[in-house]
Amino acid sequence: MRISTTSCLCPFLVCLCFIQRCSSVSHHTPAKVPTKNQTKLANGETEVHHRPKRGWIWNQFFVLEEHTGPDPQYVGKLHSNSDKGDGSVRYILDGEGAGSIFIIDEVTGDIHATKSLDREKKSHYVLHAQALDRYTEEALEPKSEFIIKVQDINDNAPKFPDGPFVATVPEMSEVGTSVLQVTASDADDPTYGNSARIVYSILQGQPYFSVDPKTGIIRTALADMDREAREHYTVVIQAKDMAGQVGGLSGSTTINITLTDINDNPPKFPQKNYQLYVPESAQVGKPVGKIKANDDDLGINADIKYSIINSEGANTFSISADRDTKEGIISLKKPLNYERKKSYTLHIEGMNTHADPRFSYLGSFKDTATLKITVGDVDEGPVFSIDHYIMDVYENAPRGTEVGAVTARDPDSRNSPVRYFLDSKEDDERYFRIDEITGVIRTTKPLDREDITWHNITVMASEVDNPSLLSHVPVTVQVLDVNDNPPEVAADEEIILCESSRPGQVIQTVTAVDKDDFANGQRFAFALPSQLPVNPNFTLKDNEDSTASIIARRRRFNHLTQELYELPIVVWDGGEPSLSGTSTLTLRVCPCQRHGRIRACQGEAFLSSAGLSTGALIAILLCIIILLAIVVLFITLRRSKKEPLIISEEDIRENVVTYDDEGGGEEDTEAFDIIALRNPAAAEELKFRRDIRPEARQHCGLLRSRRSPSVDLDDVDVQEFIKQRQVDADLDTSVPPYDSLQTYAYEGQGSPTGSISPLDSPGTQSEQDYNFLDEYGPDFQRLAELYGRADSDVSTVCDSNLVQTKSV
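What counts, and at which threshold
- Each chain carries its own residue numbering, running from 1 in the direction its sequence is written.
- Local features are withheld for residues below a pLDDT of 70 in this predicted model, meaning they are given only at 70 or higher, and side-chain atom pairs are given and counted only at 80 or more; totals for whole chains, interfaces and linings count all residues.
- Each side-chain value is derived from all of the structure's non-hydrogen atoms; neither hydrogens nor water enter the calculation.
- UniProt positions are given in the numbering used here, feature names are shortened, and annotations may be inferred rather than shown by experiment.
- Numbering of helices and strands runs from the N terminus; a helix is a DSSP stretch of H or I covering at least four residues, while a strand is a stretch of E covering at least two.
- Just to be clear on terms, a salt bridge is a Lys or Arg side-chain nitrogen sitting within 4 Å of an Asp or Glu carboxyl oxygen.
- Under the scheme applied here, a residue whose accessible area is under 20% of the maximum for its type counts as buried, over 50% as exposed, and between as partly exposed, the area being computed with a 1.4 Å probe on protein chains only.
- You can read pLDDT as the predictor saying how much it trusts each residue, on a scale of 0 to 100.
- What makes two residues a contact is simply this: any of their non-hydrogen atoms within 4.5 Å.
- Two strands qualify as a pair provided DSSP detects at least 2 bridges between them.
- To obtain an axis, a line is fitted to C-alpha atoms, over the contacting stretch when the element is a helix, and the angle between two such axes runs from 0 to 180 degrees between their N-to-C directions.
- Without a salt bridge and with relative accessible area above 30%, a residue can belong to a patch; like charges are then joined within 9 Å and nonpolar side chains (Val, Leu, Ile, Met, Phe, Trp, Tyr) within 5 Å.
- All accessible-area figures derive from a Shrake-Rupley calculation using a 1.4 Å probe, and residue coverage is judged against the displayed protein chains alone.
- Note on aromatic pairs: the rings of Phe, Tyr and Trp (six-membered ring only in Trp) are paired at centre separations within 6.5 Å, and the planes decide the class, stacked below 30 degrees, edge-to-face beyond 60, tilted for the rest.
- We call a charge positioned over a ring when the NZ of a Lys or the CZ of an Arg lies within 6 Å of the ring centre and within 35 degrees of the ring normal.

1. Examining the UniProt feature "transmembrane region" (unreviewed entry) in the protein chain
Here is step 1: Residues given the UniProt feature "transmembrane region" (unreviewed entry) here are residues 616–637.
Here is step 2: Regarding residues 616–637, the helix share stands at 100% and the strand share at 0%, and the terminal C-alpha atoms are separated by 32 Å.

2. Some details on the pattern of salt bridges
Here is step 1: Taken as a whole, this structure holds 17 salt bridges when the rule is applied.
Here is step 2: Measuring nitrogen to oxygen at the nearest pair gives 3.2 Å for the salt bridge that ties Lys77 to Asp110. Within this pair, whereas Lys77 is found in strand β5 (residues 73–79), its partner Asp110 is found in strand β8 (residues 110–113), the two being separated by 33 residues in sequence.
Here is step 3: The exposure class of Asp110 is buried, given its relative accessible area of 19%.
Here is step 4: A salt bridge links Glu228 to Arg227; the shortest N-O distance between them is 2.9 Å.
Here is step 5: Given the relative accessible area of 8%, Arg227 is considered buried.
Here is step 6: What emerges from the salt-bridge pattern is a single network uniting Arg227, Glu228, Glu231 and Asp261.

3. Here we look at the confidence of the model for the protein chain
Here is step 1: Of all residues in the protein chain, 70% have pLDDT values of 70 or greater, and the mean over the chain is 76.
Here is step 2: A low-confidence stretch, residues 2–43 (pLDDT under 50), is modelled with 56 contacts involving residues beyond four sequence positions or located in other chains.
Here is step 3: Across residues 602–610, where pLDDT falls below 50, the model places 5 contacts with residues more than four positions away in sequence or in other chains.

4. Points about the pairing of strand β33 (residues 470–480)
Every regular strand shows the same layout, with side chains that alternate between the two sheet faces.
Here is step 1: With 6 bridges connecting them, strand β26 (residues 389–394) and β33 associate as parallel partners. Residue Met391 lies in a different strand from β33, and its bridge partner there is Val477.
Here is step 2: Two elements, strand β32 (residues 454–463) and β33, share 9 bridges in a ladder whose sense is antiparallel. The partner of Met460 across the bridge, within β33, is His472.
Here is step 3: Linking two consecutive strands that pair antiparallel, namely β32 and β33, is a turn of 6 residues.

5. Focus: the sheet that holds β33
Here is step 1: Here 4 strands make up an open sheet; going across it, the order is β26-β33-β32-β29 and the pairing mixed. The open sheet has two edge strands with one neighbour each: β26 and β29 (418–422). If you compare each strand with its neighbour and ignore which way they point, the axes differ by 30 degrees on average.

6. Examining a nonpolar patch on the surface
Here is step 1: Where nonpolar side chains cluster on the molecular surface, the patch consists of Leu617, Ile620, Leu621, Ile624 and Leu628 and spans about 440 Å² of accessible area.
Here is step 2: As for its position among the elements, Ile624 is in helix α5 (residues 614–639).
Here is step 3: By relative accessible area, Ile624 is classed as partly exposed at 44%.

7. Quick word on the packing of aromatic side chains
Here is step 1: Evaluated as defined, the whole model comprises 11 aromatic pairs.
Here is step 2: A ring pair is formed by Phe160 and Tyr200, whose centres lie 6.3 Å apart and whose planes are at 50 degrees; its orientation type is tilted. Here Phe160, found in the loop between β10 (144–151) and β11 (165–170), pairs with Tyr200, found in strand β13 (residues 199–204); they are 40 residues apart in sequence, far enough to count as distant.
Here is step 3: Take Tyr200: its relative accessible area is 7%, and that puts it in the buried class.
Here is step 4: A centroid spacing of 5.6 Å and a plane angle of 80 degrees characterise the contact between Phe557 and Tyr565, whose relative ring orientation is edge-to-face. Note on accessibility: Phe557 and Tyr565 belong to one class, buried.
Here is step 5: Aromatic rings pair up to connect Tyr208, Phe209 and Tyr233 into one cluster.
Here is step 6: Sitting over the face of the ring of Tyr338, Lys342 holds its NZ or CZ atom 4.7 Å from the ring centroid.

Structure representation (structure tokens):
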């Protein structure tokens, strides 16, 4: 098969096919195993398959995109060498778009495209073609693959995917400064023709900007563009394909370019001279005016620093810049006084804080202006001569005594008269009054220093012409001391007098107190009253250091005879005039310990009143201590009681534990089975372990009751039987690990009174006959058979009621 439209048969491929065909025929091997091109038939023969000759070479079909004709677009033709033109060959097509986009004529092999194709959506299609025998549907040639490529046409205009754009460039930039690069994209095939070859051009924005036709870089085209003259520019850039030729498609985008500010403009005051009115009552630290220098720049480039460059204005005023408004705020540093200075002249300078050295040729970026401030006269309140008055007056001074005077004046030029008065809120009790014209302060009542030493009052002054303007000044009055309080002996507690005091012994040293200040009361003198007779018990000695000593005059005081003594003492102060006072001290007699130390006078008095002596008290305490010691010893002995050395649930010591079970009657007190002693041979066969409960032992009574002892007691050697049981117990390895004691007892042959135990009751198997039940019918006959069989099956395996007593 061959492609008749765009490909030809290659001679090299023809030769290669011929060589392969000859090789497959000539190298036939007679081996039974078929080769790759052979098939083994059922009869054992081998059929050789020859490779058919390829009828076409593989190439590509091309179809133009965007076909708009009325008929399907012809793509190409497939033809096989096996096709003789008689219509026996049928061509089929499958793969991408087969049957929907591409159809093939089964007879001629012509391929057509039924739809308009878009290369930008799909650039090629992969299909498979095959030639079949129309009658047998056998493949004449193997299925082959070929590609249909969609050939591009210029059907897509260039586009700017990221537009419109925003860009900035500093003002005053040099020509050729890069602003922004724009890039357009074209969906056409860049490898075929000029459909995707783009050229850029500027449609709007000249002569300020230009664009590189190949790279799309936008640059400045005009020097010294000033932001203050024009800030925003709109530039339109066009991208055209086909290398800009006629007939090419184009697209455009817009770039908004803004010139950024630089500091190329110095600050400038709108005028050189300014005037400002400021009243003299303006407060210090508060703004009094504003001034502003204009700067056409923006941001930090327009920041201005203001300063007052002359000393006259700088000493009284200050200026600072407002960040938002760029204004200079003028504030007051010192109080203004119209009467002293009526005007001020300020030289103010405004300078940029961020200068650009590139524009230093324009000069210094600063400007100056002159501000004249006029101080306005304001009616002010009176002014006191000093800010704080301190006065003094003696206590007990008569009413109306002058304390001092305050003075105030009107600071204004008219010098209006001033009136004074006190603040009634502070002096509730009205200790003072003031003369409203002269300002003299006087007392309204005698003052007591010991009551209030300092008085704080406030004096207010106002102008007669304008009473609403008030001024205040604090006044402090000190009350001076006068010796008007007699001294007293300082004795907060009663004085203790020991019974063992000797004549001449100092009992107590006393001091004095005085409400007056130290200037009048720091020196005291002491003496006993002269108008009283001589005290036989005590005397007083002035130590001449503002203290006095009480001295005993006799020996042996007894509290049982007299417990309390009173001693009057006279005290003089050192004031002018000197004052004296008499104080009576109380002395209590108490027993004292050695060295004169008083311990518990009140407690001992209590014991004496109860009738208990010191010896009795000591005896009581000793008894209490002995009782406590006994209790503690008893508790200690109980806690220290010894515990057994070995605490165990099973004691390993030998103990005899006896189980007294009466068993079968008066003669059988040890609960033994006498039959076992009478018949040792039978007992040998029925030995049981003592630690295991025999299951059949519960039937021993019944079994024993049904048999009669047939062994003569005289023929049995009980002593030998007991010895044999002892040997068996010693050799038994299954007994517990502790010692055990096995006891065998024998009562004798019998008792005159007999035995109530059923163990020795004679009886035989024929003791009861159940045949009489047959008379009651078939049902009772069956019952007789059951009872008779039960008697015959009963075992006689009871042991001899051995009693084993274990000791733990």
